[in-house]
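Chain and residue survey
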Amino acid sequence: MRRQSANLFNSKTYVTIMKSTLRVKEYVREDGSNPYRRWFESLEAQAAAKVATAVYRLGIGNTSNVKWFAGIGERIIDWGPGYRVYLAQDGTSLIMLFGGGTKRGQRADVRRAIELHAEYKTRKAEAGRTLVKSSMGRPRRKRG
């Protein structure tokens, strides 16, 4: 009896590589302040570069290092005092809420991020209820 071996080189394998991209946005409060930007600009250059790299990786879809809880995510930058970036996901967008550092201040930072996320959701819901004019000239509620 003759044994047949499979010739792997004759088979065709197709691989589709999809680049997953997420839009990264910074949350701007109603008064125009930006908690994430204020924190980021206070960092030293080397720390800012580490944080910027982590945020870039989030933008290309690498969210494997994000710990999700209470509707927000925490991305720990394993450098220096352990900087943390707090974010929320809204569809294909990542909303940068706040940044912080040190394990000691983590509890307060998490509370602040949760508050900012609640504020973001409230403002988004209110914006979805604004009146818009239809093509017929009658006002109707915008759905969102």
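That block above? That's the structure.
From a predicted model like this one, the values you see are computed outputs, not experimental measurements.

Rules behind the numbers
Throughout, residues of each chain are indexed from 1 in the direction in which the sequence is written. It should be noted that, the model being predicted, local features are given only for residues of pLDDT at least 70 and side-chain atom pairs only at 80 or more, the latter also being counted only at that level, while totals for whole chains, interfaces and linings use all residues. Values reported for side chains reflect all heavy atoms of the structure, with hydrogen atoms and water molecules removed beforehand. Pairing between strands is defined by DSSP: at least two bridges between the two strands are required. Strands are runs of DSSP state E lasting at least two residues, helices are runs of H or I lasting at least four, and both sets are numbered from the N terminus onward. The angle between two axes is taken between their N-to-C directions and runs from 0 to 180 degrees, where each axis is a line fitted to C-alpha atoms and a helix contributes only its stretch in contact. Residue contacts are defined here by distance: any two heavy atoms, one from each residue, within 4.5 Å place the two residues in contact. Each salt bridge in this description consists of a side-chain nitrogen of Lys or Arg and a carboxyl oxygen of Asp or Glu lying within 4 Å of one another. Think of it in three bands: with a 1.4 Å probe and only protein chains considered, a residue is buried below 20% of the maximum accessible area for its type, exposed above 50%, and partly exposed in between.

Notes on the sheet that holds strand 1 (residues 23-26)
- With mixed pairing, the five strands of this open sheet are ordered in space as 1-5-4-3-2. The strands lining the two open edges of the sheet, one partner per strand, are strand 1 and strand 2 (66-69). Each strand axis lies, on average, 35° off the axis of its neighbour in the sheet, ignoring direction.
- Note: strand 1 against strand 5 (residues 93-100), four bridges, orientation parallel. Within strand 5, the position partnered with Val 24 by the bridge is Leu 94.
- The strands touched by helix 2 (residues 45-59) within the sheet are strand 1, strand 2, strand 3 (72-76), strand 4 (84-90) and strand 5, with strand 5 carrying the most contacts at an inclination of about 160°.

What to know about the side chain of Ser 93
- Positionally, Ser 93 belongs in strand 5.
- Excluding residues that lie within four positions of it along the chain, Ser 93 makes contacts with Arg 23, Lys 25 and Ala 88.

Focus on the pattern of salt bridges
- What the rule picks out here adds up to four salt bridges.
- Note that Arg 37 and Glu 26 form a salt bridge whose closest N and O atoms lie 2.3 Å from each other. Here the residue Arg 37 occupies a position in helix 1 (residues 35-41), and Glu 26 occupies one in strand 1, the gap between them amounting to eleven residues.
- Exposure remark for Arg 37: the relative accessible area of 29% places this residue in the partly exposed category.
- For Glu 26, a relative accessible area of 28% puts it in the partly exposed group.

Here we look at the environment of Tyr 83
- Within the secondary structure, Tyr 83 is located in the loop between strand 3 and strand 4.
- Taking relative accessible area as the criterion, Tyr 83 reaches 15% and is therefore assigned buried.
- Taking C-alpha positions, Tyr 83 is 10.0 Å from Leu 43, a pair spaced 40 residues apart along the chain.

By themselves, these figures tell us nothing about what the structure is for.
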